[in-house]
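Close look at the chain arrangement
If you want the building blocks of each chain, they are given just below.
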Amino acid sequence: MATSPSADKYRGAVVEDLQLPPAFALPSTEVISRAIELAYDRDFSHIPVLDGNRKPLGYLDVAKLKQIWEAGKANPDDRVLQYMTKFKRAATEPYTLITPGSSLSELETFLQSNIFALVTDYDRKFVLAVATSHDLENFVTRRG
């Protein structure tokens, strides 16, 4: 069986091997002033937004939100739900499950058409981490 170049690059590693920090996510009811503050405290560019049952609804693009904020088009007490980008949920765009056991090759393929990946448990009940292309690059660099 032939292996792809990316499989060789990752040497069979899985998402868990990235040693990602625990996910930081916001409830849909959080106010944007707090969301901006938390994003900059943690140096995040995108933050998942969850409903009351911790189900992912979408994400905040922090740079975009900051532009809206600085233009005076947002009230500090507005909810993040108003400014988030909703995840597409349609039969034509099936959900791609990324878990700690997913191969880094799978993650790389997913990230070719997505800004980030939510790493969830197998049942998709909990967001465990957020993975980016930068995380993959760091992994390859660390491994040599």
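Residues numbered from 1 in each chain as written. Predicted model: local features only at pLDDT ≥ 70, side-chain atom pairs only at ≥ 80, totals over all residues. Heavy atoms only, no water.

Another point: helix H5 (residues 133-143). When H5 is considered as a whole, its buried residues turn out to be Asp135, Leu136 and Phe139. Buried positions in H5, seen along its axis, are confined to an arc of 100 degrees and lie on one side of it. (Buried < 20%, exposed > 50% of the residue type's maximum accessible area, 1.4 Å probe, protein only. Helix = DSSP H or I, 4+ residues; strand = E, 2+ residues; numbered from the N terminus. Arc of directions from axis to C-beta.)

Pairing of strand E2 (residues 46-50) with strand E3 (residues 56-61) involves five bridges; the strand directions are antiparallel. Following the sheet pairing, histidine 46 is matched in E3 by aspartate 61. Here E2 hands over to E3 after five residues, with arginine 54 in that stretch at a positive phi of 70 degrees. Sheet topology places E3 next to strand E4 (residues 85-86); two bridges connect them, and they run antiparallel. Paired with tyrosine 59 across the strands is threonine 85, a residue of E4. (Pairing = 2+ DSSP bridges.)

One way to put it is that helix H4 (residues 104-111) packs onto H5 with a least axis distance of 10 Å and a crossing angle of 140 degrees. The orientation of H4 with respect to H5, classified from their angle, is oblique. When the axes of H4 and H5 are compared, the crossing they make is left-handed. Contacts between H4 and H5 involve Leu104, Leu107, Glu108 and Leu111 from the first element and Ser133, Leu136 and Phe139 from the second. For the contact of H4 with H5, a count of residues per class yields five nonpolar, one polar and one charged. (Axes fitted to C-alpha atoms, helices over the stretch in contact; angles between N-to-C directions. Parallel < 35°, antiparallel > 145°, perpendicular 65-115°, else oblique. Left-handed = near helix turned anticlockwise from the far one by under 90°. Contact = heavy atoms within 4.5 Å. Nonpolar A, V, L, I, M, F, W, Y, C, P; charged D, E, K, R; others polar.)

Tracing the backbone shows aspartate 78 in the loop between helix H3 (62-70) and E4. For the buried aspartate 78, which has no salt bridge, the nearest side chain bearing the opposite charge is arginine 79, at an N-O separation of 8.0 Å. Within the local environment of aspartate 78, its side chain forms a polar contact with the side chain of tyrosine 83, the two groups lying 2.5 Å apart. What aspartate 78 contacts, discounting residues up to four positions off in sequence, is Glu30, Val31, Ile32 and Tyr83. (Lys, Arg positive; Asp, Glu negative; His and termini not counted. Salt bridge = Lys/Arg side-chain N within 4 Å of Asp/Glu carboxyl O. Polar contact = N/O pair within 3.5 Å; in protein donor to acceptor, adjacent residues only side chain to side chain.)

What follows deals with the sheet that holds strand E1 (residues 26-27). Pairing is mixed in the open sheet, where four strands are placed in the order E1-E2-E3-E4. The sheet is open, and its two edges are formed by E1 and E4, each paired on a single side. Packed on one face of the sheet, H3 meets E2 and E3 and runs near 60 degrees to E3.

What follows deals with the pattern of salt bridges. Evaluated as defined, the whole model comprises three salt bridges. Where glutamate 37 meets arginine 34, a salt bridge forms, and the shortest distance between an N and an O atom there is 3.0 Å. Separated by three residues within a single helix, glutamate 37 and arginine 34 lie in helix H2 (residues 32-42), roughly one turn from each other. A residue is classified by how much of its surface remains accessible, and glutamate 37, at 42% relative accessible area, is partly exposed. Look at arginine 34 and you get partly exposed, because its relative accessible area is 36%. Between glutamate 70 and lysine 66 there is a salt bridge, with the nearest N and O atoms lying 3.3 Å from each other. Of the two residues, glutamate 70 and lysine 66 are both situated in helix H3; the distance of four residues between them amounts to about one turn of the helix. Judged by relative accessible area, lysine 66 falls into the partly exposed class, the value being 31%.

Keep in mind that these numbers describe shape and distance, not what the molecule does.
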